[in-house]
Amino acid sequence: MSATILPVSDPNAIDRAAEILRGGGLVAMPTETVYGLAGDAGNGQTVARLYAAKGRPSFNPLIAHVTGVAMAQRLVEIPPLARKLMDTFWPGPLTLVLPKREDAPISDLANAGLDTVAIRCPAHTAARALIEAVDRPLVAPSANPSGAVSPTRAAHVAEGLGEKIDLILDGGECPVGLESAVVAVTGETATLLRPGGLARERIEAVTGPLHAAGESDAPASPGMLKSHYAPGAAVRLNATEAGAGELLLGFGTIEGDINLSPAGDLGEAAARLFSALRELDARGAPTIAVAPIPGHGLGEAINDRLRRAAAPRDTQ
Ligand code: TXA
Ligand code: MG
């Protein structure tokens, strides 16, 4: 049976979702970035079911979602640089990977047994209300089968995971449209593990130049699989026109079959990216060609997702 879809405006929506989560169930919730598949971070069985529902390898750790600094402190040590980032950007699309506390109430499976935990404080009112109601950190990967395009609407969640989860909260379209930026902080060093819905330039205004994942002493990001965010169709990048049988995802003056942003606005393009890929996929072309997208601001994360969407699928 497919999960019930409940609008967040329903007066019982949050209470009902919180009850399911306290009982160990799985609830898809809207966040400002993408829809997340939420479960109680402290419940190992729930976390195991969550990995299974997504078909996600359990060596790829999850993000714990919190209401703010106080709840984060139950899970991780917060060095001053991390605190500064929290004060500047929380709530919002910035995830911080920080040293795990010995007594953190989080299942070892949730962070893949690492000595760090990824923490995020979402800005979306429904996500915040839900974490507050459960009063526990919630793990929430993007609510899609592993490797597929992330969901920015409740209907996307229902298509991919509807049979495997207990409830979908419908909060409409996600305003940012790209997953959070993931930054690891160790002492005074900040490393960008995943570009995302908060642009590098804004983070670097606080941290100075970010280290790159994979630099010798930088922490690794276990979840950055090469092929990811993949639609059914093949993806061809930096196309100025559609080839035979292709559909074109446009940007700016390259019109295409769908234009991510005729005005060339990267925020607008980010918000539309995943639903546009789904829509072109649904039209059935074997290949989606994509116009060049500038690399600054949110363009870095857009290009990261597009490169993974275009990567050979058998490397996963
Ligand atoms: O915007 C978002 O972040 C969304 C919404 C739902 O909050 N969530 C999300 O979760 O994108 P997920 O699981 O799809 O991506 C989490 C990323 C993965 O790349 C994972 O490897 C990385 O964070 N990660 C989690 N814990 C980590 C850790 N302890 N060390 C390094 N990377 C970690
Ligand atoms: Mg994901």
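Residues numbered from 1 in each chain as written. Chains lettered and ligands numbered in written order. Predicted model: local features only at pLDDT ≥ 70, side-chain atom pairs only at ≥ 80, totals over all residues. Heavy atoms only, no water.

1. Some thoughts on the sheet that holds strand β8 (residues 167–170)
So, step 1. On the basis of which strands lie adjacent, the open sheet formed by 11 strands has the order β1-β8-β2-β3-β7-β4-β6-β5-β9-β10-β11 and mixed pairing. Both outer strands of the open sheet, β1 (4–7) and β11 (211–212), are each paired with one neighbouring strand and no more.
So, step 2. Helix-sheet contacts for helix α4 (residues 80–89) involve β5 (94–99), β9 (181–186) and β10 (189–194), and the interaxial angle to β5 is about 160°. (Pairing = 2+ DSSP bridges. Helix = DSSP H or I, 4+ residues; strand = E, 2+ residues; numbered from the N terminus. Contact = heavy atoms within 4.5 Å. Axes fitted to C-alpha atoms, helices over the stretch in contact; angles between N-to-C directions.)

2. Points about empty space enclosed by the protein
So, step 1. For the structure on display, the rule yields one cavity of 30 Å³ or more.
So, step 2. Approximately 40 Å³ is the volume attributed to the largest cavity.
So, step 3. Lining the largest cavity, in full, are L192, P195, G196, L198, A199, R200, I203, G297, E300 and A301.
So, step 4. Looking at the lining of the largest cavity, the elements with two or more residues in it are α7 (200–207) and α9 (299–310).
So, step 5. Looking at the lining of the largest cavity residue by residue, the classes come out as six nonpolar, two polar and two charged.
So, step 6. Two domains each provide a minimum of three residues to the lining of the largest cavity, namely domain 1 (4–212) and domain 2 (234–315). (1 Å grid on protein atoms, 1.4 Å probe; cavity = no way out; pocket = protein on both sides within 12 Å on 5 of 7 lines; lining within 4 Å. Points joined across faces, edges and corners; volume = space filled by probe spheres on them. Nonpolar A, V, L, I, M, F, W, Y, C, P; charged D, E, K, R; others polar. Domains from an automatic or database assignment.)

3. Considering the environment of T152
So, step 1. Structurally, T152 can be placed in the loop between β7 (138–139) and α6 (154–161).
So, step 2. According to the relative accessible area criterion, T152 is buried, its value standing at 0%.
So, step 3. It is 8.4 Å that separates the C-alpha atoms of T152 and P175, two residues lying 23 residues apart in sequence.
So, step 4. Apart from the residues lying within four places of it in its own chain, the contact partners of T152 are T33, V34, Y35, G172, E173, C174, G177, F274 and S275. (Buried < 20%, exposed > 50% of the residue type's maximum accessible area, 1.4 Å probe, protein only.)

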